[in-house]
Amino acid sequence: MAKILVTGGAGYIGSITATHLVARGHEVTVADDLSRGHRHNVPPERLRVVRLQDTAELATLLSGVDAVVHFAAYIAVGESAREPELYFSNNVGGTLSLFTAMAKNGVRRLVFSSTAAVYGNPQTIPIPDDAPFDPVSPYGETKAAIERMLRQLDQFRGLRSIALRYFNACGAEPWAGLGEEHEPETHLIPLLFRAIKTGEPIKIFGDDYPTPDGTCIRDYIHVSDLAEAHVAALDHLMSGGCSGAFNVGTGSGHSVLAVMHAVERITGKKVPFTIAPRREGDAAELVADSTRLRAALQWEPRRSDLVTIIRDAWDFFNR
Ligand code: UFG
């Protein structure tokens, strides 16, 4: 049992990971400013409402903590292109404040929420974890910058960290009442459900990509499997393991149309859609090579087939 601080634990992936950590017997405190997360995602006794930039307050919360799992960040690629300073300040500035507070308290273990967006438009598919960083959005740049800081902090502060580069997080934990509630929502699966519910067609962003059906291919990873990757990363660090950075995906890609047809099969409802121009910044295909994560942390995706993903997300959507 360890004492863990989860930043951003009122958000989608953070709240579900916090639930998994509690189920393993860890003592979990959530730090979240609720600017994007939801109060209802965290039991009140576990929640501390605090801004990441408030180093002094964070330092108080870090007293006696064994490890930090750091999710707190803004995540919208499009918004980051419109407001890069906001992203640098919140994601990089906030994280620097967290690292300062951790150093003050001698906290030397961190699991960090990174992203496939650090690679930009990669040359090799599936993407190996040693592919070069070439982010094409300020959002991706913030995560790449933090990963670079972590390499220096490993050397000069003895901070051991695991960065997990998520591919397309999706699905839900309906039994825990937790799932995706972004506002505004930009992600494919909840928007497909919204189109069913409202009758308002979803825009499919481009059908002229160099892929078999012309739509973009992504590696969809169930949020429950993502949460388990954090649990495994934490176990590794708690038992004295070294720092690392890993892709978290399945190694299999699905096109936008394939996901839409799966949604139609599983829900039994037609999805109204229109074909729209490409969305700026979308790569044709992003699929993870996660073999290093599987070998290093003995992690395996268990619920990341499209049927389980869509069934869980649909149950949560209709809760
Ligand atoms: N899509 C549509 N219509 C929509 C929404 C999405 O066609 O209304 C398409 C997108 O163009 C893309 C696919 O569905 O081809 C998936 O889009 P998402 O917005 O759900 O996810 P992304 O792959 O764009 O982004 C995800 C994460 C980001 C992360 C990125 C890493 O949400 O946080 O992967 O590459 F940065």
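Report follows, based on the coordinates. (Residues numbered from 1 in each chain as written. Predicted model: local features only at pLDDT ≥ 70, side-chain atom pairs only at ≥ 80, totals over all residues. Heavy atoms only, no water.)

To continue, consider the overall build of the protein chain. Secondary structure summary: the protein chain contains ten helices and 14 strands in total. Taken over C-alpha atoms, the radius of gyration comes to 19 Å for the protein chain, in line with the 20 Å a tight globule of 319 residues would show. The principal-axis extent of the C-alpha atoms belonging to the protein chain is close to 55 × 40 × 40 Å. Here the protein chain, with 319 residues, has 54% of them falling under the buried criterion. When contacts within the protein chain are restricted to residue pairs at least 6 apart in sequence, those whose partners lie at least 24 apart make up 79%. By element, 51% of the accessible surface of the protein chain is carried by carbon and sulfur atoms, the whole surface being about 14,000 Å². Placing the 32 positive and 38 negative side-chain charges of the protein chain at their respective mean positions leaves the two points 3 Å apart. (Helix = DSSP H or I, 4+ residues; strand = E, 2+ residues; numbered from the N terminus. Rg over C-alpha atoms; globule rule 2.2 N^0.38 Å. Buried < 20%, exposed > 50% of the residue type's maximum accessible area, 1.4 Å probe, protein only. Contact = heavy atoms within 4.5 Å. Areas by Shrake-Rupley, 256 points an atom, 1.4 Å probe, with all protein chains shown as cover. Lys, Arg positive; Asp, Glu negative; His and termini not counted. Charge placed at Lys NZ, Arg CZ, Asp CG, Glu CD.)

Moving on, we come to the side chain of S304. Among the structural elements, S304 can be located in the loop between α9 (291-297) and α10 (306-317). Among the residues examined, S304 registers a relative accessible area of 11% and is labelled buried. There is a polar contact of 2.8 Å between the side chain of S304 and the backbone nitrogen of H222. For S304, the side chain forms a polar contact with the side chain of D225, separated by 2.6 Å. Here S304 is in contact with Y220, I221, H222, D225, T250 and I309, once residues within four sequence places are set aside. (Polar contact = N/O pair within 3.5 Å; in protein donor to acceptor, adjacent residues only side chain to side chain.)

Overall, mixed pairing links the three strands, which are arranged β12-β9-β14 in an open sheet. Either end of the sheet is taken by a strand with one partner, and the two such strands are β12 (254-255) and β14 (285-286). In the sheet, strand β9 (residues 217-218) pairs with β14 via two bridges, with the strands oriented parallel. Within β14, the residue paired with I217 across the bridge is E285. (Pairing = 2+ DSSP bridges.)

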